[in-house]
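The residues making up each chain are set out below.
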Amino acid sequence: MASKVDMVRAATKLLVMVVFLGNLMIWTVTPTNTFRLIWLPKIRTQLNSTYFGLQGPTILIYTFPILFMAVLGCIYLHLGKKVNDSKALESINGGKQRLALWKKPMVVKGPLGIVSSIELGFFTMFIALLVWSLCTYIHNSFATITPKSAAEDGEQVWEAKLDSTALRLGLVGNICLVFLFFPVARGSSLLPLFGLTSEASIKYHIWLGHLVMTFFTAHGIAYIVYWVATNNISQMVEWSKTGISNLAGEVALLAGLAMWATTIPRIRRKFFELFFYTHYLYIIFMLFFVLHVGISYACIMLPGFYLFLVDRYLRFLQSRRCVRLVSARVLPCDTIELNFSKTPGLKYNPTSILFVNVPSISKMQWHPFTITSNSNLEPEKLSVMIKTEGSWSKKLHQMLSSSNPIDRLQVSIEGPYGPTSTHFLRYDTLVMVSGGSGITPFISVIRELIYASTIVKCKTPQIILICSFKKSSDLTMLDLLLPIAGSPNELSNLKIQIEAYVTREKQQPAKEQNAKLARALWFKPKPTDSPISSILGPNSWIWLAVVISSSFIIFLILIGIIGRYYIYPIDHNTNKVFSNSLKSFLHMLVMCVCIAATASVAVIWNKKQNAQEANQIQNLEVSTPNGSPLPSSFYNADRELESLPYQSLVQSTNVHYGERPDLKRMLFDLKGSSVGVLVCGPKKMRHEVATICSSGLADNLHFESISFSW
């Protein structure tokens, strides 16, 4: 059975790669005269219809292939869940070893951050595509500009060339816009298909955002200069009925510039909320961009935005529910652990992320936190750890640590989101380097290895955890490494060594100074609070495929009806009578309605299964110390740590005071053919570890950065 599934997955991925390469070929030939003057007119002649008009060929060439790949990706990932998980435990050799070499950091410092060889290669090819497109566009257009042709239009040659260049800058900027929304679709099937996560892809969104605004700003400035030079400044306020709407483009550009300005690192760090709220201007940006260029051309960038809208609406539906927050633990190091009830069917991998919203603090703010629990060891529980660092987390800490504790906290969530595989289990040795709250993702990794070694009885890599803290009170974060509820009784199969460094204290403080203990809070959830259940996508790939395909089919049917029986009788495919802005608005409205309708039906249908699982949880519930219902897996969560396998963990821990870890020496001293190096923490620490792994002095080191840059 497994071999058949593997064959189907291989065939599916091969088909995706063929479509992907074909799509790249289309983008390569798009700026050429062969495509624009020969191929495209023939395609439009063959596909000209009263139903879709000019946007029909554009949808077929640019939109359909991407959405087709997204649906195939859902099928591929769904089948991947059926493959035996033990394959993730295979050693990293052969082809995997060669792939690991390509994933080594090539660039560590600079504007791009830590970039692997594969990333640098794709980035170089993408820049080459932009350069090729711009040069080809300009070369072909300049070839048609002569003193005679310019004089016929009442222009000088340089003015005609400036007009042409301004247009081509916008065309190339649209290529960047095509890919801009793929990295921010958190439940996307395309990202995991290429081995990416939404978190790791945020940097691609940042790169693309800078490129988009660079080209569009140059596009706008060039046109303003052209209008001033030709005494046509009134063109700035023109809103053409059937052509390009300049005013709409300027509104889109202003919205984009506002977003771009708040991404300056100093502004983003100091005024994060300004950056966060300003980014909602993407709605204005996209709406007026479509009104500016018209729906026929906007269909080129439609697929990425379409998948983003599907993902965004599914997240919206999930975030409307209040989830069941059962308990919280306030640690002495100003750190909070929130424990939620979840349905047993919700599965997630280590280093997954959950977005949390507390309406009593802010109805708009959503903050990402790494999940520390393990869905295999703790089937009815999901936990996140929150370090008190920003204003939002400080307010939450004050609410939970006050002398008059609250008995219920309303919380909404989005997610979880994370990697589709646990590839780190393939290494012989696994080194995890963390700084401060960067230890959070490694808690889930260690719990996964506990599950693999004690329950599955698989061979697991040797674990070396190197963690740095500012104060000794932060050492209490190590208490979260072992799951208290449902802990395995035997940890002898797990080889773990912990090197903890307290950098700002010279010696261990006296016991009375460090006597502050963790505080547990039990809440009384409302009956309407539901356990966390899976979102369509990461846990229901087939349903996501159904939503994408059905919504798009319905969209095509509806716009075909509108085109045939409303637009065509007025315009007759001349594109000179019917309002371009109204046509664009109708298409955007129909697209949003189709996505909302199909996604809502799918979510309502899946609620039945989730409700059944929620009833099963309620039947298993016992009472907490304050009488509130609690799943059985939470029972005895306040047991003394000495009664758990915690002592074996303490014996494996070495604490160093007043010093920082010598990472170069520690990593170079490691033996073994394959050593996975995961790092999560301050930027300087990540760069240091990446530099060591990419130095070439130790070929057995394989770098993996876990950077939370949301």
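Residues numbered from 1 in each chain as written. Predicted model: local features only at pLDDT ≥ 70, side-chain atom pairs only at ≥ 80, totals over all residues. Heavy atoms only, no water.

Rules: UniProt positions are given in the numbering used here, feature names are shortened, and annotations may be inferred rather than shown by experiment.
Where an unreviewed UniProt entry is consulted, the protein appears under the name ferric-chelate reductase (NADH), with the organism given as Dipteronia sinensis. The Cofactor (unreviewed entry) field of the UniProt record for the protein holds the comment "FAD".

1. Some details on the overall build of the protein
Quick note on the threshold: Put simply, DSSP H or I for four residues or longer makes a helix, DSSP E for two residues or longer makes a strand, and each gets a number counted from the N terminus. Exposure classes here rest on a 1.4 Å probe applied to the protein chains alone. A residue is buried below 20% of its type maximum, exposed above 50%, and partly exposed in between. Only heavy atoms matter for contacts: two residues are in contact if any of them lie within 4.5 Å across the pair. Residue exposure ignores everything except the shown protein chains as possible cover, and the areas themselves are Shrake-Rupley values with a 1.4 Å probe.
Helix and strand counts for the protein come out as 22 helices and 17 strands. A total of 710 residues make up the protein; the buried ones form 54% of that total. For the protein, long-range pairs separated by at least 24 residues make up 80% of all intrachain contacts whose partners lie at least 6 apart in sequence. For the protein, the computed accessible surface area is about 32,400 Å², with 61% contributed by carbon and sulfur atoms.

2. A few points about the environment of Val157
With respect to the element layout, Val157 can be found in helix α7 (residues 157-180). For the pair Val157 and Ile145, spaced 12 residues apart in sequence, the C-alpha to C-alpha distance is 7.1 Å.

3. Examining helix α9 (residues 202-229)
Note the following rule: Every helix has an expected span of 1.5 Å times one less than the residues it contains.
Between its first and last C-alpha atoms α9 spans 40 Å; for 28 residues at 1.5 Å apiece the expected length is 40 Å, and the two agree. Asn231, located one to two residues past α9, shows a positive phi value of around 60°.

4. A closer look at unusual backbone geometry
In the segment running from Gly415 into Pro416, the intervening peptide bond is cis, with an omega of 5°. Mapped onto the fold, Pro416 is located in strand β8 (residues 412-417). The phi dihedral of Asn231 is positive, around 60°, even though this residue is not glycine. Considering the arrangement of structural elements, one finds Asn231 in the loop between α9 and α10 (246-261). You can call Asn231 exposed: its relative accessible area is 71%. Phi angles above zero are rare outside glycine, and Asn573 is one such case at about 60°. Here Asn573 is to be found in the loop between α18 (541-571) and α19 (580-619).

5. Details of the packing of aromatic side chains
How we decide: Paired rings are identified among Phe, Tyr and Trp, the last through its six-membered ring, by centres lying within 6.5 Å, and are further divided according to the angle between planes into stacked (under 30 degrees), edge-to-face (over 60) and tilted (the rest). Only when the NZ of Lys or the CZ of Arg is both within 6 Å of the ring centre and within 35 degrees of the ring normal is a charge said to sit over the ring.
Under the definition given, this model contains 24 aromatic pairs. Ring centres of Phe126 and Phe179 lie 5.6 Å apart, and the angle between their planes is 85°; on these two criteria the pair is classed as edge-to-face. Here Phe126 is found in helix α5 (residues 117-142), whereas its partner Phe179 is found in helix α7, with 53 residues between them in sequence. An aromatic cluster is present here, built from Phe181, Tyr282, Phe305 and Phe308 joined pairwise through their rings. Looking at Lys161, its charged tip hangs above the ring of Phe142, at a distance of 5.1 Å from the centre. It is Arg564 that lies over the ring of Tyr565; its NZ or CZ is 5.3 Å from the centre.

6. Describing the pairing of strand β3 (residues 325-331)
What counts is decided by this rule: For two strands to pair, DSSP has to find at least two bridges joining them.
Within β3, seven of the seven residues are buried, leaving the element largely enclosed by the surrounding structure. In this structure, β3 lies alongside strand β4 (residues 335-341), joined through six bridges in antiparallel fashion. Bridge pairing in β4 links Val330 to Ile336.

7. Some points on the nonpolar core
Applicable threshold: As used here, the term nonpolar core means buried Ala, Val, Leu, Ile, Met, Phe, Trp, Tyr and Cys residues forming a set that is joined through side-chain atoms within 4.5 Å.
Grouped together as the largest cluster of nonpolar side chains are 94 residues, with contacts concentrated most on Leu177, Phe181, Phe285, Phe305 and Met591. Residues contacting Phe285, with those up to four places away along its chain left out, are Leu177, Val212, Met213, Phe216, Ala252, Ala255, Gly256 and Met259. Formed by 32 residues, the second largest nonpolar core is a distinct cluster that contains Cys467, Ala500, Val502 and Tyr657.

8. Digging into the side chain of Asp571
Basically, it comes down to this: Pairing of N or O atoms within 3.5 Å defines a polar contact, subject to two protein rules: one partner must be a possible hydrogen donor and the other a possible acceptor, and residues neighboring in sequence count only if both atoms are side-chain atoms.
Positionally, Asp571 belongs in helix α18. Within polar-contact distance, the side chain of Asp571 engages the backbone nitrogen of Phe578 at 3.1 Å.

9. Quick notes on the pattern of salt bridges
Side chains bearing opposite charge may pair, as long as their charged atoms lie close to each other. To keep it simple, the criterion reads: Whenever a carboxyl oxygen of Asp or Glu lies within 4 Å of a side-chain nitrogen of Lys or Arg, that contact is scored as a salt bridge.
Following the criterion strictly, the structure yields 10 salt bridges and no others. One salt-bridge network, in which partners are shared between bridges, spans Arg186, Asp311, Arg315 and Glu414.

10. Details of α7
Helix length check: α7 (24 residues) gives 35 Å between terminal C-alpha atoms against 34 Å at 1.5 Å per residue, within 8%. Most of α7 sits out of view: 18 of its 24 residues are buried.

11. Re the sheet that holds β8
Formally: Angles shown run from 0 to 180 degrees and are taken between the N-to-C directions of axes, each axis being a line fitted to C-alpha atoms and, for helices, limited to the stretch in contact.
Strand order across the open sheet formed by three strands is β6-β5-β8, with antiparallel pairing between neighbours. For this open sheet the edge positions go to β6 (367-370) and β8, each flanked by a neighbour on one side alone. Averaged over all pairs of adjacent strands, the angle between their axes in this sheet comes to 25°, without regard to strand direction. Summarising the sheet, strand β5 (residues 353-357) and β8 pair through four bridges and their orientation is antiparallel. Within the sheet, the bridge partner assigned to Phe355 lies in β8 and is Glu414.

12. Here we look at the sheet that holds β3
The four strands lie next to each other as β7-β4-β3-β12, forming an open sheet whose pairing is antiparallel. In this open sheet, the two strands that pair with only one neighbour each are β7 (381-387) and β12 (519-522). Direction aside, the axes of adjacent strands within the sheet are offset by 15° on average. Together, β3, β4, β7 and β12 form the strand contacts of helix α16 (residues 391-401), whose direction differs from that of β4 by roughly 75°.

13. A word on the packing of α5 against α7
Threshold: Should an angle fall under 35 degrees it is taken as roughly parallel, and over 145 as roughly antiparallel, whereas 65 to 115 is taken as roughly perpendicular and any remaining angle as oblique. Each crossing gets its handedness from the near helix: less than a right angle anticlockwise from the far helix is left-handed, clockwise is right-handed. Note that Gly is not counted as nonpolar here; it falls among the polar residues with everything else outside the nonpolar set of Ala, Val, Leu, Ile, Met, Phe, Trp, Tyr, Cys and Pro and the charged set of Asp, Glu, Lys and Arg.
Two numbers describe how α5 lies on α7: the axes approach to 9 Å, and their chain directions differ by 155°. The angle between the axes of α5 and α7 places the two elements in the roughly antiparallel class. Two packed elements cross with a definite hand, and for α5 against α7 that hand is right-handed. When α5 is examined against α7, the residues Phe126, Leu129, Leu130, Ser133, Leu134, Tyr137, Ile138, Ser141 and Phe142 are found in contact with a partner set consisting of Lys161, Ser164, Thr165, Arg168, Leu169, Leu171, Val172, Ile175, Cys176 and Phe179. Taken together, the residues of the contact of α5 with α7 sort by class into 13 nonpolar, four polar and two charged.

14. What about a nonpolar patch on the surface?
Filter applied, for reference: Residues enter a patch when their relative accessible area is above 30% and they make no salt bridge; the linking distance is 9 Å between like charges and 5 Å between nonpolar side chains (Val, Leu, Ile, Met, Phe, Trp, Tyr).
A contiguous nonpolar surface patch, about 640 Å² in accessible area, is contributed by Leu287, Tyr566, Ile570, Val577, Leu582, Phe585, Leu589 and Val593. Of all elements in the fold, only α18 and α19 reach the threshold of two or more residues within the nonpolar patch. Of the residues forming the nonpolar patch, the biggest block, four residues, is contributed by α19. Assignment of secondary structure puts Val593 in helix α19. For Val593, a relative accessible area of 46% corresponds to the partly exposed category.

15. A short note on the packing of α5 against α9
It is the contact of α5 with α9, at a shortest axis distance of 13 Å, that shows an interaxial angle of 15°. Relative to α9, α5 is oriented roughly parallel. Where α5 crosses over α9, the handedness of that crossing is right-handed. Every residue of α9 that contacts α5 at Glu119, Phe123, Phe126, Ile127, Leu130 and Leu134 is listed here: Lys203, Tyr204, Trp207, Leu208, Leu211 and Phe215. Residues belonging to the contact of α5 with α9 are distributed by class as follows: 10 nonpolar, no polar and two charged.

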